[in-house]
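Residue strings, one per chain:
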Amino acid sequence: MTDELPDDLLAPAAIADPDAAAAVLRTHDPVHWSPRHRAWLVTRYDDVVAAFRNPALSSDRVRPVMEKGPSDDPSQRILGLISDWMVVTDPPAHTRLRRLSGAAFKQQQIAAMEERIQALVDELVDAFLAERGTDLVAGVAYPLPAIVIAEMLGAPPADRDRFREWSDELALVAFGAGGDARPDRHARALRGLEEMAAYFRELVGRRRRDPGGDMLSAMIAGGSEGSQGDALSDDELVGMCALLLFAGHETTTNAIANAIRLLTADPGLRDRLRDDPALVNPAVEESLRLVGPIKVLVRWVVADHELRGRTIREGERVYLLLPGANRDPERFPHPDTVDLARERATHVAFGRGIHACIGAQLARIETRIAVGTLLRRLPGLRVAGDPEYLPTIASRAQTSLPVVHDGHAVGSRS
Ligand code: HEM
């Protein structure tokens, strides 16, 4: 049986339907060794949640890869740029970075962004309607989070487009370009990322001299509050800016696009959400659970341990399959249906434990406003055609979202 399990997460069937593949694994071998990935695939909710708190599983997963390759290779130099990001560190380094960056994510400050995010969504929808746009990824879901992050970091509006380019370079590096294209694409990405680092370094210098109400100024000041003189260095601030762009752009794009596909598939549900905006919040939570942007989180094993009778050994890798956990029938009754009355926020789309997404509140606000506005302003919204997903292990990313609607003439903003 084990031989027949869908444990190649890059196989076309697993890319087209990661939930079905995860369900088979969860049912037949919930802690499964995949020879293809040379990793354990963990699919049950309880096991995934426990893994987030298991000190035998490390997030320090870039450094071990770096140590293997020649240091002058472009891909190694790129790994050098990202190896200090807090998402790939363990305590105590992680504890320090998280504390010092927390100042930028105070709940009240993020909540105060709502009005601005609504205005940005309205601008994008205005342009989409004016241009008679058909692809909601290109028109709304892709640009919105890049603009939000650029603004939150206090970058001038004229620089917005550069944020999008850098975000693409980062995604290319993280999710890979296969085969012969690889060395060339990595070299190009490296040039882009070095330009990005220089840009952020300049921005950090400007904000040190002239602080504002933005996140970067908050992170700079974060060091002075109760941190006994400890503060983020310029290098760390540059790394933090890049991490926020990387962690907050593509994920939120995919959250919006995946939610729209899911929630418009049933016209009855779509119209209920349009008529009762209070339902958009639970609907977005269900979309994060059912079609969340992240499919796999990777951990390195730093101590031998047992899980469901398997011995997980130091030096191996564990893949936490979020689609497995988020549709586990033992945790979520009738797991494959959208249930607007479901107990909220128990899904693991934003992870758990010390690395739980620091931008979850911001991501939720962006997704809710984008989805609510699109349903209201594009009546009869429906997606044309089947999804095409990028062939990556980590992301559930639709390359485009072609839509039709009855609202070409409907421009009303509220
Ligand atoms: C719907 C959109 C998003 C999803 C699904 C998402 C998901 C996640 C997940 C699953 C993790 C945990 C990673 C791990 O355990 O290895 C994470 C961490 C993180 N996220 Fe998000 N994220 C989203 C949006 C954002 C946004 C908008 C930002 C900031 C602008 C952000 C910043 C971060 C950062 C900095 C971390 C690392 C936290 C740490 O290591 O302590 N994310 N995110």
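Structure: see above.
The sections below set out a description of the structure shown in this document.

## Regarding the overall build of the chain
Next up, step 1: Of regular secondary structure, the chain possesses 19 helices and nine strands.
Next up, step 2: By the compact-globule yardstick of 22 Å for 414 residues, the chain fits well, its C-alpha radius of gyration being 21 Å.
Next up, step 3: When each of the 414 residues of the chain is scored for burial, the buried share is 52%.
Next up, step 4: In the chain, once contacts between residues fewer than 6 apart in sequence are set aside, the share between residues at least 24 apart is 72%.
Next up, step 5: Of the roughly 18,400 Å² that the chain leaves accessible, carbon and sulfur atoms contribute 52%.

## Quick word on the coordination of the iron atom of the ligand
In an ideal octahedron of six donors the angles at the metal are 90 or 180 degrees, and in an ideal tetrahedron of four donors they are 109.5 degrees.
Next up, step 1: When only protein atoms are considered, the iron atom of the ligand has one donor, Cys357 (SG), at a distance of 2.3 Å.
Next up, step 2: Mapped onto the elements, Cys357 comes out in the loop between helix H18 (322-326) and helix H19 (360-377).

## A few points about the site of the ligand
Next up, step 1: The environment of the ligand is formed by 26 residues, the closest being His94, Arg98, Arg299, His355 and Cys357.
Next up, step 2: Taking Ala247, its main chain carries an N or O atom lying 3.4 Å from a nitrogen atom of the ligand.
Next up, step 3: Contributions of two or more residues to the shell around the ligand are made by helix H6 (93-101), helix H14 (234-248), helix H15 (250-264), strand E4 (296-301) and H19.
Next up, step 4: The residue makeup of the shell around the ligand, split by class, is 16 nonpolar, seven polar and three charged.

## Some remarks on the packing of aromatic side chains
Two measures describe an aromatic ring pair: the distance that separates the ring centres and the angle between the ring planes.
Next up, step 1: Within the structure shown, the criterion is met by nine aromatic pairs.
Next up, step 2: Summarising the aromatic geometry, the rings of Trp166 and Tyr199 are spaced 5.1 Å apart at their centres and angled 50° between planes, so their arrangement reads as tilted. Highlighted residues: Trp166 in helix H11 (residues 160-175) and Tyr199 in helix H12 (residues 181-209), separated in sequence by 33 residues. Each of the two residues, Trp166 as well as Tyr199, counts as buried.
Next up, step 3: Three or more aromatic residues link up through ring pairs in this structure, and these residues are Phe163, Trp166, Tyr199 and Phe200.
Next up, step 4: Lying across the ring of Phe332, Arg289 places its NZ or CZ 5.0 Å from the centre.
Next up, step 5: The ring of Phe332 is capped by Arg331, whose NZ or CZ atom sits 5.4 Å from the centre of that ring.

## Re the sheet that holds strand E1 (residues 31-34)
Strand-to-strand pairing in sheets goes through backbone hydrogen bonds, with the strands running parallel or antiparallel.
Next up, step 1: The sheet built from five strands is open, its strands ordered E1-E2-E7-E4-E3 with mixed pairing. A strand with exactly one partner marks an edge of an open sheet, and here the two such strands are E1 and strand E3 (57-58).
Next up, step 2: In this sheet, strand E2 (residues 39-42) lies alongside E1 in antiparallel orientation, the contact comprising four bridges. Bridging from a neighbouring strand, Val31 pairs with Val42 of E2.
Next up, step 3: Contacts between helix H3 (residues 45-52) and the sheet are confined to E1, E2, E3, E4 and strand E7 (317-321), with E7 contributing the most and set at about 125° to the helix.

## Re the pattern of salt bridges
Next up, step 1: Taken as a whole, this structure holds 28 salt bridges when the rule is applied.
Next up, step 2: Ionic pairing is found between Arg116 and Glu151, a salt bridge with its closest N-O pair at 2.7 Å. With Arg116 in helix H8 (residues 114-130) and Glu151 in helix H10 (residues 143-152), this residue pair connects regions lying 35 residues apart in the sequence.
Next up, step 3: Note that Arg331 is salt-bridged to Glu343, the shortest N-O span being 3.7 Å. Note that Arg331 is positioned in the loop between H18 and H19 and Glu343 in the loop between H18 and H19, a separation of twelve residues in sequence.

## Some details on the packing of H8 against H19
Next up, step 1: As a packed pair, H8 and H19 sit with axes 10 Å apart at the nearest point and diverge in direction by 40°. Regarding the angle of H8 to H19, the classification is oblique. Like other packed secondary-structure pairs, H8 and H19 cross with a definite hand, here right-handed. In this structure, H8 contributes Glu114, Ile117, Gln118, Val121, Asp122, Val125, Asp126 and Leu129 to the contact, and H19 contributes Leu362, Ile365, Glu366, Ile369, Ala370, Thr373, Leu374, Arg376 and Arg377.

## Notes on helix H16 (residues 267-275)
Next up, step 1: Looking at H16, one finds that the buried residues are Leu269, Arg270 and Leu273. In an axial view of H16, the angular spread of the buried residues amounts to 100°, which keeps them on one side of the axis.
Next up, step 2: Here the buried face of H16 lies against H15, helix H17 (280-291), H19 and strand E8 (382-383).
Next up, step 3: A distance of 2.8 Å separates the backbone nitrogen of Gly268 from a side-chain oxygen at the start of H16, and that oxygen is part of Asp266.

## Thoughts on the nonpolar core
Next up, step 1: Formed by 90 residues in total, the largest nonpolar core has its most connected members in Leu136, Leu153, Phe163, Phe200, Leu216 and Met219.
Next up, step 2: Setting aside chain neighbours within four positions, we find Leu216 in contact with Met152, Leu153, Leu203, Val204, Arg207, Leu237 and Cys241.
Next up, step 3: In terms of nonpolar packing, the next biggest core, distinct from the first, is built from 18 residues, Val31, Tyr45, Val318 and Phe332 among them.

## Brief notes about the side chain of Arg270
Next up, step 1: With respect to the secondary-structure elements, Arg270 resides in helix H16.
Next up, step 2: Accessibility expressed as a relative area gives 10% for Arg270, which makes it buried.
Next up, step 3: With residues near it in sequence (within four places) discarded, Arg270 still touches Leu263, Thr264, Leu375, Gly380, Leu381 and Arg382.

## What about the pairing of E7?
Next up, step 1: Taking burial as the measure, the five residues of E7 include four buried ones, the bulk of the element.
Next up, step 2: Examined bridge by bridge, E2 and E7 share four bridges and lie parallel to one another. If you follow Val42 over to E7, its bridge partner there is Leu320.
Next up, step 3: As paired elements, E4 and E7 share five bridges and run antiparallel to each other. Paired with Arg299 across the two strands is Val318, which belongs to E7.

Basis of the calculations
- Residues numbered from 1 in each chain as written.
- Predicted model: local features only at pLDDT ≥ 70, side-chain atom pairs only at ≥ 80, totals over all residues.
- Heavy atoms only, no water.
- Helix = DSSP H or I, 4+ residues; strand = E, 2+ residues; numbered from the N terminus.
- Rg over C-alpha atoms; globule rule 2.2 N^0.38 Å.
- Buried < 20%, exposed > 50% of the residue type's maximum accessible area, 1.4 Å probe, protein only.
- Contact = heavy atoms within 4.5 Å.
- Areas by Shrake-Rupley, 256 points an atom, 1.4 Å probe, with all protein chains shown as cover.
- Donors = N, O, S within 2.8 Å, 3.2 Å for Na, K, Ca; no water.
- Near = heavy atom within 4 Å.
- Polar contact = N/O pair within 3.5 Å; in protein donor to acceptor, adjacent residues only side chain to side chain.
- Nonpolar A, V, L, I, M, F, W, Y, C, P; charged D, E, K, R; others polar.
- Phe/Tyr/Trp six-rings, centres within 6.5 Å; stacked < 30°, edge-to-face > 60°.
- Lys NZ or Arg CZ within 6 Å of the ring centre and 35° of its normal.
- Pairing = 2+ DSSP bridges.
- Axes fitted to C-alpha atoms, helices over the stretch in contact; angles between N-to-C directions.
- Salt bridge = Lys/Arg side-chain N within 4 Å of Asp/Glu carboxyl O.
- Parallel < 35°, antiparallel > 145°, perpendicular 65-115°, else oblique.
- Left-handed = near helix turned anticlockwise from the far one by under 90°.
- Arc of directions from axis to C-beta.
- Core = buried A, V, L, I, M, F, W, Y, C linked by side-chain atoms within 4.5 Å.

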